Amino acid sequence: MARLFDLNPEQQTAVKCTEGPLLVLAGAGTGKTRVITMRIAYLLHQGASAASILAVTFTNKAANEMRARVSQLVDKPDAKKLTLCTFHALCVRILRQEIERFGYKSNFTIYDEADQLALIRKIIARISATNEKLDPNLAKNLISRAKNEHWRIKEPAGESSLAAAVFHRYQEELKAANAVDFDDLLILTVRLFEEYVDTAEKWQNRYRYIMVDEFQDTNRLQLELVRYLGAKHQNVCVVGDDDQSIYGWRGAEVANILEFEHHFPKPAIVKLEQNYRSTASILGAANSIIRHNPRRRPKTLWSRNGEGEKVVVLEVPDDHEEANFVISEIQKRQQIGNLSWNRFAIVFRMNAQSRLLEENLRRLRIPYRLIGGRSFFERREVKDILAYLSCLANPNDDLNFLRIINTPARGIGNSTIELAVAESNQHQTSVYQTLLSPAFLDLLSSRTRTAVEKFAELLDRYETEVLQPLANLSVIAQKFLDEIDYPGELRRNCKTQEEAINREENVRELIRTLSDYQLRSNDGLIGFLAEMTLDQDRDDKNEDTPDGITLITFHAAKGLEFPHVFLIGLEEGILPHDRSKVDGQLDEERRLFYVGITRAMETLTVTHCATRTKYGSPSPCHPSSFLKDLDPAHVERINYHVIANQPASEGTARTHFAKMRELLGGM
DNA sequence: CGGTCTATAATTTTT
DNA sequence: TTATAGACCG
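A quick note: this is a predicted structure, and the numbers were derived from the prediction, not measured.

Enquirer: Describe the protein's contact with DNA strand B, with residues and values.
Expert: Near DNA strand B there are 21 residues, and of these Glu113, Arg250, Arg349, Asn351 and Thr553 occur at the shortest range. In DNA strand B, the atoms that sit within 4 Å of the protein are 44% sugar and phosphate, with bases accounting for the remainder. One of the backbone N or O atoms of Asn351 is found 2.6 Å from a phosphate oxygen in DNA strand B. Between a sugar or linking oxygen of DNA strand B and a main-chain N or O atom of Leu534, the distance comes to 3.5 Å. Looking at the surface near DNA strand B residue by residue, the class counts come to seven nonpolar, eight polar and six charged.

Enquirer: A description of the protein's contact with DNA strand C should follow, citing residues and the corresponding values.
Expert: For DNA strand C, the full set of nearby residues is Arg355, Tyr615 and Gly616. Each atom of DNA strand C within 4 Å of the protein was classed as base or backbone; sugar and phosphate made up 38%.

Enquirer: Before we move on, could you go through the nonpolar core and cite the residues and values that matter?
Expert: Across soluble globular proteins, nonpolar side chains have a tendency to be buried as a group. With 46 residues, the main nonpolar core has Phe401, Leu435, Phe455, Leu525 and Phe528 as its most contacted residues. Residue contributions to this core peak at nine residues, all from helix α17 (residues 380–393). Filtering out sequence-adjacent residues up to four positions away, Phe455 remains in contact with Phe401, Ile404, Ile405, Arg410, Ile412 and Leu435. The next biggest cluster of nonpolar side chains, apart from the first, holds 44 residues, and it includes Val92, Tyr207, Val226 and Ala530.

Enquirer: Explain the layout of surface pockets to me, using residue names and the numbers behind them.
Expert: Space inside the second largest pocket adds up to approximately 1400 Å³. Of all the secondary-structure elements, those providing two or more residues to the lining of the second largest pocket are α3 (60–71), α4 (76–81), β3 (83–86), α5 (87–98), α25 (497–520) and α26 (524–534). A total of six residues in the lining of the second largest pocket trace back to one element, the largest contributor, which is α26. Residue composition of the lining of the second largest pocket, by class: 11 nonpolar, 11 polar and 12 charged.

What counts and what doesn't
- Residues numbered from 1 in each chain as written.
- Chains lettered and ligands numbered in written order.
- Predicted model: local features only at pLDDT ≥ 70, side-chain atom pairs only at ≥ 80, totals over all residues.
- Heavy atoms only, no water.
- Near = heavy atom within 4 Å.
- Polar contact = N/O pair within 3.5 Å; in protein donor to acceptor, adjacent residues only side chain to side chain.
- Nonpolar A, V, L, I, M, F, W, Y, C, P; charged D, E, K, R; others polar.
- Core = buried A, V, L, I, M, F, W, Y, C linked by side-chain atoms within 4.5 Å.
- Buried < 20%, exposed > 50% of the residue type's maximum accessible area, 1.4 Å probe, protein only.
- Helix = DSSP H or I, 4+ residues; strand = E, 2+ residues; numbered from the N terminus.
- Contact = heavy atoms within 4.5 Å.
- 1 Å grid on protein atoms, 1.4 Å probe; cavity = no way out; pocket = protein on both sides within 12 Å on 5 of 7 lines; lining within 4 Å.
- Points joined across faces, edges and corners; volume = space filled by probe spheres on them.

Shown next as structure tokens:
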């Protein structure tokens, strides 16, 4: 463990404190991931078995990154035996073994938010009276909140009668479809531990050492889960930073980290305050902002990186000028230092703010990467194919079944489907089961009957094939798609050739992903589908990331770092956002600003506009109230007009020349 | 039923 | 400005 000497004293303490509860307060850029990975290596070195170590993260990305880094420190077989995953993946793993106690089958399907919404829409349409209206999105949020708040209580929350009815029905239908949603994964696992002491003990014994990353982002249920798992051995190490808690609006409880000792008594507490990322100026600015939050564990970041340039704060006339200024500033620095575009990030509060930037960057032909936007999985063809595969894995999942029952059209029309749904409701069976029943088939015309029988036979045949132990899933999937002529369907539904080609490529991509999956996993189709649902952020996973300026929201920027960071739109109403000025959410907005500041390694520029075009019309803006808290010792306020009137510097002129030549050359 | 029109509202989004 | 949902009409 010679590598231990690479760590600072606090980090070493955190790594070596293996027994009993441990709270690591890891400020931004203080080497948090390093501590966790080293701690895992240290535990193994001390003789702990890899199978007894559990490390939980929030995102798949974090889990993958951690696994990669641990793999460099420990033996390969050990690395494989570690349980290193997200909360939800851990719950899936546990529930695949235990869920039958709750009346589900172990091949349960996981509904993502789109599935949830589709189901809720269906239910609202079915049960609401004509004069009643309920926004499905609102209903989804109510249901999720109710499930999270009342998971101990069987009765739904006292919402409006329609919402309560939808809630009730929703839960019934999920169960009937042998499906669970994201909340259920946590709820059922916690309930499992609560209600079955022997099972709880089994898992407590399994995981002797538990680590939780980003603990400030855990919600109530995730805390419960950790409490149960760690109850016996108490070797629970949580790592996080209350100052970076920015997901309160999604149910994260900062209290979990602020009151850690209530749940795990007498923990060791280690503060990591030495920052390895930023200059002293940037940290000074960050400290001066976060200091104003009342409920927090005080920390003061410091670094040996030197003072660096002062943080620049600049008021610009309007949002167009803002975009202009930021981009030309980046262009200038890129040119002068011959830097790659990768080193620059522009950070904003709302996705809408990226628009102007994009327009400008496109016009100037500067490469950029826009982070965020959930797309791949919202594409119809991807959803369709996953629905097909889902039906092969769990044909009783009505939602997925109905999605594809007549796609491509195969002679099972709406009236037949309605009849089948009605029958299935009456007999409390799935639509698929209904289709198989002779009683139902007798109700149909001979032509429809043939179509239904053919479809049932098709599913049954492939279901069998998929279940073969040595089944090559991607080959089967491809064969299946060809047999139902999905490519044809795709072409028929596309207006342009271009669109069709694009969608076909998406299909190939998915099949390829399935093929890759099978090379590294033995969990079959069920496992693949779960992974697809639990890891939807797989847009550019395969593509090698090209060079470009990063455009990103404050939220999405957490955990990342860039040499040169521009925080834009620091205006009252945007950051802090108007919609968050109710109850105590101002703290979180401040933390958001803090997160933004601490992304910067070398330079930080903050802009705000005097006027901004909001919803089409210009409206005056005031500087964010947070700006006045910035320690003047680390900040330089620049007058925009002075810069604007400067003649173009040599660097800029050269840039323009180069661009022009490039343009001309291309013609 | 499906297309077009009009009113309305407008963060952030790990699983 | 723009996206979306509901109304409205052919």
